[in-house]
Amino acid sequence: MSLLGKRIKYINEGNAHIVLHVIDTDYVIRIIKENGVTANINTISNSVNYVNLVMVPLVFGFNKYRHEVIELPPEEIVKLSIYLKDIRPKHRLVKSVFSKYAIKAPNLAIISSNSENYCLELKPKEGFLSESFKKISKCYYCLKQHLKVDEKQIICKTDYCPLDLFSGDHIRMKRALINLIKNPQNNLKLFQNENIVYDEKSNMEDFEDLITKNIFSSVNKFNDFIIAILLNDGISNLILKESPDLKIVKPNYCYESKNLNANSFLYKLLAIQMVSETFESQPLNLNTIESEDLEYVPILITSMKENNIDLTNEIHRKKFMDTTNSKDLALISAVAKDCSVMISYSLTPNDKLPFVKIDNTDVYYSVSVTDLEPKSPKTLVKRQKTERKLLEIYEKLLNS
Ligand SMILES: O=P(O)(O)O[C@@H]1[C@@H](OP(=O)(O)O)[C@H](OP(=O)(O)O)[C@H](O)[C@H](OP(=O)(O)O)[C@H]1OP(=O)(O)O
Ligand SMILES: Nc1ncnc2c1ncn2[C@@H]1O[C@H](COP(=O)(O)OP(=O)(O)OP(=O)(O)O)[C@@H](O)[C@H]1O
């Protein structure tokens, strides 16, 4: 199948987008699924501007990549729908109307063409103990596991706790990764040459085979590699030091350890997530934000342009945080709490990328983030309602 004269390959999809690799290029096209409403060019452009001008600079501190809006001819969309029908997972077929506008974005699953490429996708979720749950020492993610079991979204709870991953403590981070591998849910996937080779449907024993087939001698070493990258600044070369494969049990409470270095990738992501905490202190007026629209996005972008705010500049970032209204900051935080981190790696030397030296082998890598589109203010209302539900469930569990 070709699109705009180029061959394409299906990579994956979520609720809102279908992601296609354009073969022999370093980019993907994210097809927008229309949910009963025709996607408006202004809304899509605003969303792309939000990713480029707000989220990418806030998460990385620099313009790591840009998204772009493209238009697809109607006949190509018809061809695409027919082609995708047999490829897409059945449960996703309910959304099969595609916008003529699409998003061109860098391919984050591949870092070097014509060679073996791997990519670990993590959806780390909220990495701190939010104010509402401090008194019970349970984080949002761990509490939501009970709700997911009740609502039959998952069969069994995971022992993964985002506070372990964001702890900056090597042993806790390893526990987080092991628990993600054991029960990946929608929080961990492994790609090999853009094909998902490990996810929630996989058998855990397969993971070891996949990991030890090429680069790593053990899953423990692989976990050390991922931890080293998450604790690094994303640009420096590293030498891997293997740490012991300790099996430590998760305690039945969640706790923060503030051991992340300020220049690490995880620290920066956590800092954006925690922006919501200033907002939590001023209770939300639900009636004022029932709106589902994204009108706040162009207003925010226009104000940034008028004030010459460039979020790649640290002084500007501080000014932005001090002057942006708390609702907009809470929405930025919501995006950072729900995004996916893509860690792609390959053995092919690439002088534009940092590497991790493992024994005598250099593994080149890149850390990127996807799903940085703006969220509707309804997200904040949903969060408040979910928090209440979670506290009720917890209360019931304590009394049972
Ligand atoms: O807040 P949560 O934890 O319910 O996050 C939702 C995610 O649930 P999960 O990661 O499975 O717990 C949820 O993920 P799934 O669809 O369950 O895979 C979505 O990412 C949702 O975002 P949106 O409202 O579709 O933009 C997410 O909703 P918001 O980010 O809008 O809150
Ligand atoms: N730029 C990219 N390069 C390679 N793969 C990608 C890229 N962006 C997304 N993906 C893959 O496609 C999946 C769906 O992507 P995306 O986040 O665009 O969908 P979505 O519908 O917005 O997701 P959600 O349901 O979380 O809102 C991701 O989980 C990831 O596996």
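Residues numbered from 1 in each chain as written. Chains lettered and ligands numbered in written order. Predicted model: local features only at pLDDT ≥ 70, side-chain atom pairs only at ≥ 80, totals over all residues. Heavy atoms only, no water.

Per an unreviewed UniProt entry, the chain goes by the name Inositol-pentakisphosphate 2-kinase and belongs to Bicyclus anynana. Per UniProt, the chain carries the Catalytic activity (unreviewed entry) text "1D-myo-inositol 1,3,4,5,6-pentakisphosphate + ATP = 1D-myo-inositol hexakisphosphate + ADP + H(+)". (UniProt positions renumbered as here; feature names shortened; annotations may be inferred.)

Here we come to helix 3 (residues 140-150). Within helix 3, eight of the eleven residues are buried, which leaves the element mostly enclosed by the surrounding structure. Three or more residues of helix 3 are buried, namely Tyr140, Tyr141, Cys142, Leu143, Gln145, His146, Leu147 and Lys148. Where helix 3 is buried, its residues meet helix 4 (162-165) and helix 13 (378-399). (Buried < 20%, exposed > 50% of the residue type's maximum accessible area, 1.4 Å probe, protein only. Helix = DSSP H or I, 4+ residues; strand = E, 2+ residues; numbered from the N terminus. Contact = heavy atoms within 4.5 Å.)

This next bit is on the sheet that holds strand 9 (residues 195-198). Strands pair in a sheet through their backbones, by hydrogen bonds, and they do so in one of two ways: parallel or antiparallel. Read across the sheet, seven strands follow the order 9-8-7-11-13-12-10 without closing on themselves; strand pairing throughout is mixed. Edge positions in the sheet fall to strand 9 and strand 10 (238-239), since each of these pairs with one other strand and no more. (Pairing = 2+ DSSP bridges.)

Looking now at the site of ligand 1. The local shell around ligand 1 consists of Asn15, Lys123, Lys125, Tyr140, Lys144, Lys148, Asn186, Asp338, Lys375, Thr379 and Lys382. Within the side chain of Lys125, one N or O atom sits 2.8 Å away from an oxygen atom of ligand 1. Contact with the protein chains hides 68% of the accessible area of ligand 1, taken as 590 Å² for the molecule alone. Counting residues per element, the ones that place at least two in the shell around ligand 1 are helix 3 and helix 13. Broken down by element, the residue count for the shell around ligand 1 peaks at three residues, all from helix 3. Split into classes, the residues belonging to the shell around ligand 1 amount to one nonpolar, three polar and seven charged. (Near = heavy atom within 4 Å. Polar contact = N/O pair within 3.5 Å; in protein donor to acceptor, adjacent residues only side chain to side chain. Areas by Shrake-Rupley, 256 points an atom, 1.4 Å probe, with all protein chains shown as cover. Nonpolar A, V, L, I, M, F, W, Y, C, P; charged D, E, K, R; others polar.)

Per the stated rule, a full pass over the model turns up 17 aromatic pairs. Arranged with centres 6.1 Å apart and planes meeting at 35°, the rings of Phe60 and Phe265 form a pair that is tilted. Placement of Phe60 in helix 1 (residues 41-60) and of Phe265 in helix 8 (residues 265-273) is noted, with a sequence separation of 205 residues between them. Residue Phe265 is classed as buried on the basis of its relative accessible area, which comes to 6%. Aromatic pair Phe216 and Phe225: ring centres 5.0 Å apart, planes at 50°, arrangement tilted. Owing to a relative accessible area of 0%, Phe225 belongs among the buried residues under this scheme. An aromatic cluster is built from Tyr118, Tyr198, Phe207, Phe216, Phe222, Phe225 and Tyr345, whose rings are joined through pairwise contacts. One residue, Lys104, lies across the ring of Tyr27, its end atom 4.3 Å from the ring centre. Seen from the ring of Tyr140, Arg383 lies directly overhead, with NZ or CZ sitting 3.8 Å from the centre. (Phe/Tyr/Trp six-rings, centres within 6.5 Å; stacked < 30°, edge-to-face > 60°. Lys NZ or Arg CZ within 6 Å of the ring centre and 35° of its normal.)

The biggest cluster of nonpolar side chains holds 88 residues, and the ones touching the most others in it are Tyr50, Val54, Phe225, Phe265, Phe320 and Tyr345. Here this core gathers at least three residues from each of two domains, domain 1 (2-106) and domain 2 (118-399). Not counting residues within four places of it along the chain, the set of residues in contact with Val54 comprises Asn49, Leu300, Ile301, Met304, Leu311, Phe320 and Ile332. Judged by nonpolar contacts, the second largest core, of 16 residues, contains Val22, Ile70, Ile77 and Leu84. (Core = buried A, V, L, I, M, F, W, Y, C linked by side-chain atoms within 4.5 Å. Domains from an automatic or database assignment.)

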